[in-house]
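Examination of the molecular architecture
Given next are the chains, with one letter for each unit.
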Amino acid sequence: MKERIKNFLNKHRNYFLLVAVLGIWIDIFLLKSISDITTLVLVVLWILVTWLYHVRGKFLAIPATIFLVLSPLFSNKGEEAIADRMAVWIFIFLTLGVLRELFCQRK
Amino acid sequence: MKKSFSRNSFFWLILAAFFLLAVLLPYYLDGHIILGGEGDNFIDFSAYLNNYRDTWQNIGTGFFTISLNKIFADIFILVFLEKLLSNIQVINFLVVFLIYYLPFLGMFVASRQLKLSPPFSFLIATFYTINPFTIYLLTSLNHWNLASFFVIPAFFWLILRYYQNNFKLFFSFGFLSLLFAFVNANPPLMVVCQISIFTSVIIISCYLEKRLVIKKIATKYLLLLFSFLLFNFWWILNWFYVVVEARKTYTSGTALAWLFGEQSTTILHKIFLLKWLVPADSSYNNLSLFYNQPFIQLLLAIPILLVVFFFFQKREKEKHFLITFLFLLIAGFLMKGTRPPLGGIYIFLVKYLPFFSIFKTSAEKWGVFFVFLLSLLLIYGFRNYKKAKFFNLARVIFIIYLFFCSYPLITGDFISDYKIKDLGWGSRKYQEKDEYRWLRESLNADKEEYRVLSLPGSFNYQVAIHMYADKYYTGLDPLISNTKKPFITAYGNNALVNFDVLFNNISSPSYKKLLSLFNVRKVFLNRDVYPWFGFSHRETKDELEDRFDKDFSSEKKGSIVLYNNDQFLPRFYIPDYQIYVLDSKINDLAQVIELEDGRARTTVFFREELEIDLVKQANEFIIPAKTNKITGEELIRSTEDVEAVFFPYVKWNPDLIFYSLVLKKEQWTEKRLKDDPLALFEKKLLHATKRISEIERFFSGNELKRLNRQMKAYHQIMKEGIEIDNKLEDKNQLLRLLLYLEAHRNKVKKLNFSLEAMSQIEIVFDELETELNNLGAKRNYTQLDYNFNIPFVGEYEIMAKIDNNAIESIEIDVDKMIPQSTEKKDWYSLGEYSFSSGEHDLVLSLKESPNLVDSQDWDEFDITKNKNGELFFLNQNIIPVHFPQDCSSGSCTFFPSKESLIIFQEIENYQPNSIYRIEFDYSSKDAILGLIIIQDKNRNEITGKVIPGLTKILPTTDEKQKHINCLYKSSHNASNAKLLFFSRVEDKKMGKADVENIKVRRIYEPEVFLKRIGTQNFSKASQLPKVVFNKINSTKYRVEIKGAKEPYNLVFNESFHRGWRAYFKEISGLDGEIVANYFNGQIRQVVSRNIFLDRNTFETWTKEPFSEEKHFLVNGYANAWHITPEDVGGIENYEIIIEYWPQRLFYLGIGISLMTLLSCLGYLIFNLIKKKVN
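First, a word on what this report is: a plain description of the structure on this page. (Residues numbered from 1 in each chain as written. Chains lettered and ligands numbered in written order. Predicted model: local features only at pLDDT ≥ 70, side-chain atom pairs only at ≥ 80, totals over all residues. Heavy atoms only, no water.)

Quick look at the overall build of chain B
Put simply, the rule is: Runs of H or I in DSSP of at least four residues are treated as helices and runs of E of at least two as strands, each being numbered from the N terminus. In this scheme, a residue with accessible area under 20% of its type's maximum is buried, one over 50% is exposed, and one in between is partly exposed, where area comes from a 1.4 Å probe on protein chains only. We call two residues contacting when some pair of their heavy atoms lies within 4.5 Å. A 1.4 Å probe and the Shrake-Rupley method give the accessible areas. Residues count as covered only by the protein chains that appear here.
Of regular secondary structure, chain B possesses 37 helices and 44 strands. By the burial criterion, 57% of the 1174 residues in chain B qualify as buried. Considering only residue pairs separated by 6 or more positions, chain B has 80% of its internal contacts joining residues 24 or more positions apart. Roughly 49,800 Å² of accessible area belongs to chain B as shown, and the carbon and sulfur atoms make up 55% of that amount.

Set out below in C-alpha cells:
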C-alpha cells in the first residue's frame, strides 16, 4: 500500500509541482489577503514536492532569490501588498531550505 | 607598509572613530547639543542620579523603581565628567559618539574573534552600524536601549574567546554584563539580550565542536546565567519585588491592541530590506527621503541576497551557518508580530506565554537580534568562501551597498530634522534658553522639599517645545528631566496616583488648597510648549496665565512663569481637620475641598467601605449621592445614525434543508455566551439583523406565508434581546435596540414589497416599538433620581453644585426636615434633614434650561471668505444651498442651487464639560441634511483647522417629517460654540430640506453631597505635636515628634505603597540647618541630605515597624500612620523613621554582587601570584 502511494505520487510529481507553482502564483497575484490555510496547504504541497524530487535545501533558495529581487520592484511600483505576499514566500522557501539542509546533515 | 597597517585592527578602529568624529562635530557648532526623544533628554546627570538612584523614584508624587539598573557605570561616569569638565557639550558629544561607535566596536571584535581579516571586519562592523535599521534606530539616541547593539556582539565575542576557560568566561562575561547592566533597563531588550546569549552559546558550540553537543551547551549557558545573576543581583532582586506591579503596565490586552494597531502597515518585505523602521512618507526626513528612492530599494536587498549566495556555497559540516540562518528566520518571524501568515502564533504567545506581552513593538526589539544574526552570516560568508565563484563580485557589491548606506553620514545629515505635521520641523539641535537654565538652577538651589506642577499639561509625555524659527524640540521635557525637584505632569498618571483632579479643576476657587494637598509649592508655565498631543485642561496658555496671575505671586523670565503657592502643606504634617468621604475616589477631591471650611491642615479619607476607626477620627463625614448620569455610551448612541448599523452578508436561503443547521449554530454561539449578557445581547442584535438581510436577499414581496414565518423568527430574537436588556438594567442598550429597530425598518422599506406584505411586516415593527417605548427608553432629563446609603442616624445637610434658580422641586424620603439652608461658594444647600440609617432616595426636579438658540438669528456662512482650514472637512461634499426662505417662524427651508449656504448661530451661554440636548424636526427630499457643532478651542492651534465637535448626517425622509433628538457633551476646554446646518444633494439634483423647532437645551447633572451635621470638633493647632523632618534620601526620612500627648495621624505626602514602613526610635536630634518653617514653627524641615549609605543605613533592620493596620491611604494618594501614645511606650518626644522597605533588597543585592566581584578578583590575583611563583 505504502509503495503504491509512493509510486502514484512519483508518477504524478510533475502535476504536484505545477499545482504548487500555480498555487503560489495565485496566492501572490490573485488572492486579496494572506490566508493561513492557503499558506499551510501550499507549504505542505511544497514539502511533498521537495521530497518527491529529492531537492537539496539550497535549491529551495532559488525561488526565494527570485522573490527577493522581485519584491523591491513591486514595492517600488506601489504594490506593497504583492511585495508583502512575496516576502511570505521568501520566508517559507528559506525556512524550508534551511530545515531541509539540517535534515540532510542529520543523516 | 600598506599591507601591514591594513592588517592592524587598531588602524580600522581609529579610522572609524575619526570618521564618526568628523560627521558628528558639525552638530555641535554654534553651541548646540543633540537632544530629544525618549532617552536623550538629559543635560544634568547629577539631577538624574538624584531622582532615579534608589528603589523609590523622586518623580511626581513618587513611584517604585522597576529598573534599578538604569543607573550604573554609564551615569556614574557621566556625573564624574560633569563635575570634572562642567561642559555639557563635551559630555553630550561623548554620549552620542559612543552610541554610534560602540555597535561598530562590538561587531568588529566579534568578527576578529571569528578570524575575519581586519578590513572585512571593518566592512561587517560598518554594515552592522549603518544599515537602514540600525542607523534609523540609533537616531533615537536612547543610550540604555541602544547599548544592546554593543552588548549582543560583545557577549558573543567573550563567549567565543573564553569558551574553553570556565573561570575567565564566568568573570569576563559577568563583569561586562555588570558594566552594561543598564542595557537591561528596557524589559523586552533585556529578554532579547538573554536570548542572544543563549543562541550565541549554541552557535559558538556548533562552530567549535562542529556539531550540537547539548550537554556542553547546557553547561556553558548555565555558567553564563549564574555569572549574570550573581554580578547583577543588585538590581535583579528588586525585580522580584516589583514584578507583580510592573506586569500591570505590560498587560496582554494592551500589547495586543498595540500590535493590532501596527498590523495595518506592510512590513514583511521591509524586513529583508532592513528598512521596516523607515517611514513610508519620503518627506518625513532626510533618511526616509533617501531610503525610499526607487533604486535604493533594490540595493537594500543586497545583504540578504549575499547570505543566500553564501547559503549556496555552504559546505558540509558547517552546521553553525544553518543554525544561525534558522535563528535569523525565527527572529524575522517574531519581528512581523501578529501580521499574517500565522500571526496567531504571536497572539498565542502574548496571551499565554508569561511576560511575552512585553514585546508589543515586535519589529524594533527583535530587529536588533535580526541584524546581529545577519551580520554573523555575512562574517561566515566573507571568511569561508573566498575561493567561491563570484566572491569578488559579492565583495564589490557589498562595498557599493555600504557606500550608499553611508550617504546620510557623509552628507552629515543622519540625525536629521523631521516633519511634525501641522507644526513645523522637529530638530535634535538643542540650545538651552537662559530662562530654562534659570528655572532649573533656581529650583535646584532651593533646599525646601516640595513639588512643582508643570503647565501646560500635555496629554503625552513627548512634548513639543518651540526653539527658534519653525524648529521644535520634541521628546521628554528637558526642563522636568533635569531638575532635582519632582514635577507633577498631566501625563504622569501611574498605577499609584491619578493627577487628573489637578488639571481638571484649575479654575476652582479652592485650587490653591488642592495643590497644597499634593505638596505643590510652585507652578511653572512654559509658554514655548505646544499642544502636540493636546492639553488635558480646558484653559489655553493665555487663560492659564490670567488665572494664576489673579491668585498667585510669580516670577517671570522669557517664556517661563514660575508661580508660588503660599497655601502649602509640607511633605510631612499632622492634620487638624479630617474629612471622611464614603463611597468616593480621588476625582471628588476638588468638590470635597470646596465644601469644607477652609482649614489649613486638612486631610481627606476617600473610602469605598465604611471604616469605623477612621470615621471616629474624622471631623466631617460626607456621602456623595449617586445618580444614573448620562454615560459616554449613551451620548454616542444618541448621535449614532441608523446607517451605522451593519447588515451582514448571508449565504444560506431559509428554505434550504440544512438551514436549520445555520440556526443551530446561532443557538450554540448564544448558549456559549449565556454567562456574558452583554455579549449575548450583541449576538441577538446580529442574528436579528441577519434575518432582515435574509429577507433582503432571498424574499420577494408576494410570499406572505414565508415572510410571516421569517418575521416571526425575527420577532422572537428581538424579544429575547429585550428580555436580556431588562436584566442588564442599562438604558443604553434600550437605545441600541430602538436604533436597530429603526435600521431594520428602513432596510425593509426600501425593498418595494407589496402593500399587504409591508403591512404584515409593519405590525411586527410596531409591536416591538411599542414594547420598547413602554420600557422607558425615553428618559426624563429634568428629573434626576439620586440615592445614598446613610450609615449613621443623624442630621445631614444636602449640598448640590448648581444654581438654585435651576431647581424646581425636591422630593426626599426623610424623617424630618430642619428648616435651614446656607450657600457656600458654588454650592447650594438643599436644606438640612434628619435621616435614619439605610438606603434613601432623592428626586431633584430641575427647571428645563431655556432654548439656547434663537429661531430667527441664523447667519449665513460666506464660503468665499473661507479662511485656510475653516470647514475644510466639508468642502468636498457640500452642494451649495440657498439661504432659508423664511426662518422667522422657527422653520428654515433649504433649497439646493448653485449658490452656497451653510447657516449657523452661536449657542448661548455655552459651558465646557456639559451635556446638551439638540432637538429639531426635519424633512428632506433628494437631499441630506447635516448638523455640525464647532467649538471655539477645538481647532489645531497652529493651522487653525476646525475639528468638529459633533457631525450628524441625516438621510432623506421623502418629505415625511422626522424628529431628531440627540445628546452632545461639550469638550473640556470649550467656552463657546456654533451650531451649523448644511444640506447636500446627490448628483446635483434639485432637492429640499426643511428644519424647524430647533432647540438646544443644557442638561444639568449636579453633583450632590450629604454632610453630616454636628460631627466632632477639630483639633486645636496648638495641641498638635510639633514635627521636624529630614529627608535622608528618596527612600528614607527621619521625623522628630515633640509633645505628642494624644493619638494623631502623621501624613506623608508621597504615593501610598505597601513598601513604606514606619519605625519608632528614641529621640537623637536631627542634624542640619532648618531650611523651612511652617505654621509658626509647628512643622520644620531640616536640610535634605541625599545619603546612599552611612552608619545609620541599617539602623531599622533589627526594628519592628508599626503594624500594617496603622498605615493607610489619605488624600486619595498619600500615606498616613495613626500613632497612639501606646505605640511609642507613652513617651511624648521621639523619632519616627519612614523607610521604603525594598531598598533593603537593593543593599542586599549590592552585597552579593560585590562579594562575587571581589571573589573573582581575589581568585584572579591568587592565580597570577601562583603563576609568578611557579
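Here we look at the packing of aromatic side chains
Residue and element names in this part refer to chain B. Spelled out, the test is: Each Phe, Tyr or Trp ring (for Trp, its six-membered ring) is paired with any other whose centre lies within 6.5 Å, and the angle between the two planes then decides the class: stacked below 30 degrees, edge-to-face above 60, tilted in between.
One pass over the structure, following the stated rule, counts 101 aromatic pairs over all chains. Taking 6.5 Å as the distance between ring centres and 25 degrees as the angle between the ring planes, the aromatic pair formed by Phe356 and Trp366 counts as stacked. In this pair, Phe356 is assigned in the loop between helix 20 (343–352) and helix 21 (362–384) and Trp366 in helix 21, connecting sequence segments ten residues apart. Like Phe356, the residue Trp366 is buried in the burial classification. Pairing Tyr472 with Tyr530 gives two aromatic rings, centres 5.4 Å apart and planes at 90 degrees, and the pair type is edge-to-face.

Details of a positive patch on the surface
Residue and element names in this part refer to chain B. Stated precisely, the cut-off is as follows: Residues form patches when they are more than 30% accessible in relative terms and have no salt bridge. Like charges link within 9 Å. Nonpolar side chains (Val, Leu, Ile, Met, Phe, Trp, Tyr) link within 5 Å. Salt bridge, as applied in this entry: a Lys or Arg side-chain nitrogen positioned within 4 Å of an Asp or Glu carboxyl oxygen. The positive count covers Lys and Arg only, the negative count covers Asp and Glu only, and His and the chain ends enter neither. Where a charge lies is defined by one atom per residue type: Lys uses NZ, Arg uses CZ, Asp uses CG and Glu uses CD.
Taken together, the side chains of Arg7, Arg112, Lys386 and Arg395 make up a positively charged region of the molecular surface. Inspection of the secondary structure puts Arg395 in helix 22 (residues 391–405). Judged by relative accessible area, Arg395 falls into the partly exposed class, the value being 31%.

Here we look at the pairing of strand 9 (residues 471–475) of chain B
All names here are of chain B. Operational definition: By definition, two strands form a pair when at least two bridges between them are found by DSSP.
Of all five residues in strand 9, five are buried; the element is thus mostly enclosed. The two faces of strand 9 match: Lys471, Tyr473 and Gly475 on one face and Tyr472 and Thr474 on the other face are all buried. Relative to strand 9, strand 5 (residues 424–426) runs parallel, the two being bridged by two bridges. Pairing of Gly426 across the sheet is with Tyr472, part of strand 9. Relative to strand 9, strand 8 (residues 463–468) is paired through five bridges, and the arrangement is antiparallel. Each bridged residue has a counterpart across the sheet, and for Tyr468 the counterpart in strand 9 is Lys471. With antiparallel pairing between neighbouring strands as the criterion, strand 8 and strand 9 make up a hairpin whose turn holds two residues, including Ala469 at a positive phi of roughly 45 degrees.

Looking at the interface of chain A and chain B
Applicable threshold: Buried area, as used here, totals the accessible surface that two parts lose on assembly, with accessibility defined by a 1.4 Å probe and the loss added over both. Polar contacts, as used here, are pairs of N or O atoms within 3.5 Å; protein pairs need one atom able to donate a hydrogen and one able to accept it. Residues neighboring in sequence count only if both atoms are side-chain atoms. Each residue is assigned to one of three groups, with Ala, Val, Leu, Ile, Met, Phe, Trp, Tyr, Cys and Pro labelled nonpolar, Asp, Glu, Lys and Arg labelled charged, and all others, Gly among them, labelled polar.
Contacts between chain A and chain B engage 33 residues on the former and 33 residues on the latter. Around 2,900 Å² of area is buried between chain A and chain B when both sides are counted, 74% of it from carbon and sulfur atoms. Area buried by chain A at its contact with chain B is led by Lys58(A), Phe91(A) and Gln105(A), which between them contribute 22% of it. Taken together, the connections running from chain A to chain B amount to zero salt bridges. At the boundary of chain A and chain B, one finds seven residue pairs in polar contact (both at pLDDT 80 or more). Those elements that place two or more of their residues in the side of chain A that touches chain B are helix 3 (36–53), helix 4 (61–76) and helix 5 (80–106) of chain A. The dominant element in the side of chain A that touches chain B, judged by the number of residues it contributes, is helix 5 of chain A, at 15 residues. Here the side of chain A that touches chain B is composed, by residue class, of 18 nonpolar, nine polar and six charged.

Concerning the sheet that holds strand 41 (residues 1083–1086) of chain B
All names here are of chain B. Just so we agree on the cut-off: The angle between two axes is taken between their N-to-C directions and runs from 0 to 180 degrees, where each axis is a line fitted to C-alpha atoms and a helix contributes only its stretch in contact.
As summarised here, the arrangement of the six strands in space is 39-44-37-36-41-40, forming an open sheet in which the pairing is mixed. The sheet is open, and its two edges are formed by strand 39 (1060–1065) and strand 40 (1074–1078), each paired on a single side. Strand-to-strand twist in this sheet, taken as the mean axis angle between neighbours without regard to direction, amounts to 20 degrees. Bridge analysis of strand 36 (residues 1026–1033) against strand 37 (residues 1036–1042) gives seven bridges, and the strand direction is antiparallel. By the bridge assignment, Asn1033 is partnered in strand 37 with Lys1036.

A closer look at unusual backbone geometry
Residues and elements named next belong to chain B. Across the junction of Leu455 and Pro456, the peptide omega takes the value -5 degrees, indicating a cis bond. Looking at the element boundaries, Pro456 is found in the loop between strand 7 (451–455) and strand 8. Positive phi, close to 60 degrees, is recorded for Leu274, a residue that is not glycine. Structurally, Leu274 is set in the loop between helix 15 (268–273) and helix 16 (286–291).

Describing the pattern of salt bridges
Residue and element names in this part refer to chain B. Within the structure shown, the criterion is met by 46 salt bridges over all chains. Here Arg53 and Asp54 are joined by a salt bridge, their closest N and O atoms 3.1 Å apart. Taking the relative accessible area as the measure of exposure, Asp54 reaches 0% and is therefore buried. With a closest N to O distance of 2.5 Å, Arg745 and Asp766 form a salt bridge. One end of the pair, Arg745, is in helix 35 (residues 731–749); the other, Asp766, is in helix 36 (residues 755–774), with 21 residues separating them in the sequence. Taking the relative accessible area as the measure of exposure, Arg745 reaches 12% and is therefore buried. Relative accessible area serves as the criterion here: at 37%, Asp766 is assigned to the partly exposed category. In this structure, a network of salt bridges that share partners links the residues Asp44, Glu432, Asp434, Arg437 and Arg440.

Concerning the environment of Ala47(B)
Residues and elements named next belong to chain B. Within the fold, Ala47 resides in helix 3 (residues 45–52). Among the residues examined, Ala47 registers a relative accessible area of 0% and is labelled buried. When residues no more than four places from it in sequence are discounted, the contact partners of Ala47 are Asn482, Thr483 and Lys484.

Here we look at the side chain of Lys365(B)
Positionally, Lys365(B) belongs in helix 21. Not counting the four nearest positions on each side in its chain, Lys365(B) is found in contact with Asn186(B), Pro188(B), Leu189(B), Val192(B) and Phe359(B).

Considering a nonpolar patch on the surface
On the surface, a cluster of nonpolar side chains totalling about 630 Å² of accessible area is made up of Leu18(A), Leu22(A), Trp25(A), Ile26(A), Phe29(A), Leu30(A) and Leu31(A). With respect to the helices, strands and loops of the structure, Leu18(A) is situated in helix 2 (residues 13–30).

A few points about the packing of helix 19 (residues 319–335) of chain B against helix 21 of chain B
Residues and elements named next belong to chain B. The following threshold applies: Note on angle classes: values under 35 degrees are labelled roughly parallel, values over 145 roughly antiparallel, values of 65 to 115 roughly perpendicular, and the remainder oblique. Each crossing gets its hand from how the near helix is turned against the far one by less than a right angle, where anticlockwise is left-handed and clockwise is right-handed.
Contact pair helix 19 / helix 21: the axes reach a minimum separation of 8 Å and the direction vectors enclose 155 degrees. Viewed along their axes, helix 19 and helix 21 adopt a mutual orientation that is roughly antiparallel. In this structure, the crossing between helix 19 and helix 21 has a hand that is left-handed. Grouping the constituent residues of the contact of helix 19 with helix 21 by class yields 16 nonpolar, six polar and one charged.

Focus on the sheet that holds strand 9 of chain B
Residues and elements named next belong to chain B. The strand order across the open sheet formed by five strands is 4-5-9-8-12, and the pairing between neighbours is mixed. Each edge of the open sheet is held by one strand with a lone partner, namely strand 4 (418–420) and strand 12 (529–530). Relative to strand 5, strand 4 runs antiparallel, the two being bridged by three bridges. Bridged to Tyr418 within strand 5 is Gly426.

What about a negative patch on the surface?
All names here are of chain B. A surface patch of negative charge is lined by Asp854, Asp857, Asp859, Glu906 and Glu908. Inspection of the secondary structure puts Asp859 in strand 26 (residues 859–860). Residue Asp859 is classed as partly exposed on the basis of its relative accessible area of 38%.

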